[in-house]
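What follows is each chain in one-letter form.
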Amino acid sequence: MFTTALLAIYSFGSVPTVWRNYEEVFDLAVIDGKVIAATNGGLLRQAGSRWEIVPAPGGLRTFVRTSPLVVSVASGRSFNVTDRTWLPSRPKSENAFVSADEAGDWHAPTLAHVYKQIRQGSDFFVGTSDGLFHFHGGRWNREVLPTLMPVNRPTGVACVDGVFVVGGMNGLYVGKPSAWRQVASDAIRQVARVGSDIWVVHGNGAMDKLDTANDRLYPDVMTGASKRPWTSCITPAGASLLCGGIGGWVEWGSDSQDAYPSELTGEVITAIAAKGDVRWVGTEQSGIFRFDAKARHQWNPGNGLYDSWVTSFCWAKDGLIVGTMHAGLYQIERDTIRPVNCPTKRVTQLVRWHGELVVGGMDGCWLQHGSTWKSLSDYGEETTSLSEVDGRLCVTTASGIAFF
């Protein structure tokens, strides 16, 4: 039976709570005397001294045309707006938009990368990787944009007692909208909660633990505690944490231990799951391995798993659901593997929420109900993480965070 939250997703006209970051401004144009900005978070329009959000796809990159309005997004696709509805578009090259208001050699006083400069009357606007700058009255000002999320491209989020931890390409932040504090500036690969602690995997393989209740950060906890302190992915397993790496994994808990089976030599672990004393390990090149006290088993293109790049695991009533990068979903029951119907072939994330399977892919996010799939993504954005945050389904994409 659907919960209230699930019913809300299926209800006509219902929308999730969305946090976006509008500080990476890729393109600027003027329509009807108002400046519009194409940002990674979406479309903004000048409204006097403030900026208002215009419902639009995220991950905007350029304005292809301004009349009618056509935009391109990070995936290379284009959309045009008709009666306030954005539809896929294939504009002809001769219709490309060329601004008549280029700003010449003017530059905003910032070290950020400049994407676009335009002139509006005696004013100048500059879109950069670190915000939108406005030259007015003889001086430059950074515009205040309606940003709720601190990172440009989020890769994970967790929450403990109302304190959020958000990671992304430009760092790790703790707090809540309008009150964020940066605790790391490098790229973050994954964020996961175990009990009252939050674990963070960095792009360089380091793993930190955050104790938000006591405002303490324990950096790079694997160094000195593991034979190979490099982490590629983490999965909670009861009170412990399974940490995949190169050639094996670490089980981090009250009795931490390393496991480096010969079958995994040189392999990068991309997914890991546990049930009792059995471990399932997904790799980037060799498919899936199952390790238990009695035997070891492998699934690969030679025995039913037609894509050896495994991205994610999720438990089902009858076995283990497997996500792959190019061949969709599979299910393992005992020693048997079979393909499962799925709306995408390029699976990036899996989670079970209120008994329903949620699949994130390179081209969107879907919730399964029976034999049908409900899209949770209007414009097919890449799903970068799936989790449950304070009882809500949390979907992060390359342009924002949605709470259902």
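Residues numbered from 1 in each chain as written. Predicted model: local features only at pLDDT ≥ 70, side-chain atom pairs only at ≥ 80, totals over all residues. Heavy atoms only, no water.

### A look at the pattern of salt bridges
Pairing is possible between side chains of opposite charge, provided their charged atoms come close. Tallying each qualifying case throughout the model produces 12 salt bridges. The salt bridge involving Arg-20 is made with Glu-381; its shortest N-O contact spans 3.6 Å. Residue Arg-20 is located in strand 1 (residues 17-20), and its partner Glu-381 is located in the loop between strand 37 (372-375) and strand 38 (383-389); the two are separated by 361 residues in the primary sequence. What makes Glu-381 buried here is its relative accessible area of 15%. Two residues, Glu-251 and Arg-279, come together in a salt bridge whose shortest N-O distance is 2.8 Å. Of this pair, Glu-251 sits in strand 24 (residues 249-252) while Arg-279 sits in strand 27 (residues 278-283), placing them 28 residues apart in sequence. Under the relative-accessibility criterion, Glu-251 is labelled buried at 15%. You can call Arg-279 buried: its relative accessible area is 12%. Shared partners join several salt bridges into a network, and the residues in it are Glu-23, Asp-130 and Arg-142. (Salt bridge = Lys/Arg side-chain N within 4 Å of Asp/Glu carboxyl O. Helix = DSSP H or I, 4+ residues; strand = E, 2+ residues; numbered from the N terminus. Buried < 20%, exposed > 50% of the residue type's maximum accessible area, 1.4 Å probe, protein only.)

### Observations regarding the domain arrangement of the protein chain
Accessible area lost upon the coming together of the parts serves often as the stated size of an interface. The domains assigned to the protein chain are domain 1 (22-142) and domain 2 (154-403). A C-alpha centroid distance of 35 Å is found between domain 1 and domain 2. Facing nine residues of domain 1, the contacting portion of domain 2 comprises five residues. Across the domain 1 to domain 2 interface the summed buried area is about 480 Å²; carbon plus sulfur atoms make up 50%. The three residues of domain 1 that bury the most area against domain 2 are Asn-40, Gly-58 and Arg-77, which together make up 52% of that side's buried surface. Put simply, domain 1 and domain 2 have two residue pairs in polar contact (both at pLDDT 80 or more) between them. (Domains from an automatic or database assignment. Contact = heavy atoms within 4.5 Å. Buried area = accessible area lost by both parts, 1.4 Å probe. Polar contact = N/O pair within 3.5 Å; in protein donor to acceptor, adjacent residues only side chain to side chain.)

### Digging into the pairing of strand 23 (residues 240-244)
For a regular strand, side chains alternate in direction, first toward one face of the sheet and then toward the other. In terms of burial, strand 23 is largely enclosed, as four of its five residues are buried. Taken together, the five bridges between strand 22 (residues 233-237) and strand 23 define a ladder with antiparallel strand orientation. Looking at strand 23, one finds that Ala-237 is bridged to Ser-240. The turn joining strand 22 and strand 23, which pair antiparallel and follow one another in sequence, is formed by two residues; a positive phi near 70° is taken by Gly-238. Pairing analysis gives four bridges linking strand 23 to strand 24, with the strands arranged antiparallel. Its bridge partner lying in strand 24, Gly-244 is registered against Trp-249. What sits between strand 23 and strand 24 in their antiparallel hairpin is a turn of four residues, with Gly-247 showing a positive phi close to 80°. (Pairing = 2+ DSSP bridges.)

### Notes on the state of the cysteines
Disulfides are covalent bonds that link the sulfur atoms of two cysteine residues. Under the defined criterion, the tally for this structure stands at zero disulfides. With no disulfide of its own, Cys-233 lies 8.5 Å from the sulfur of Cys-243, the closest cysteine sulfur. Exposure remark for Cys-233: the relative accessible area of 7% places this residue in the buried category. A disulfide-free cysteine, Cys-314 has its sulfur positioned 12 Å from the sulfur of Cys-342, the nearest such atom. Taking the relative accessible area as the measure of exposure, Cys-314 reaches 7% and is therefore buried. (Disulfide = S-S within 2.5 Å.)

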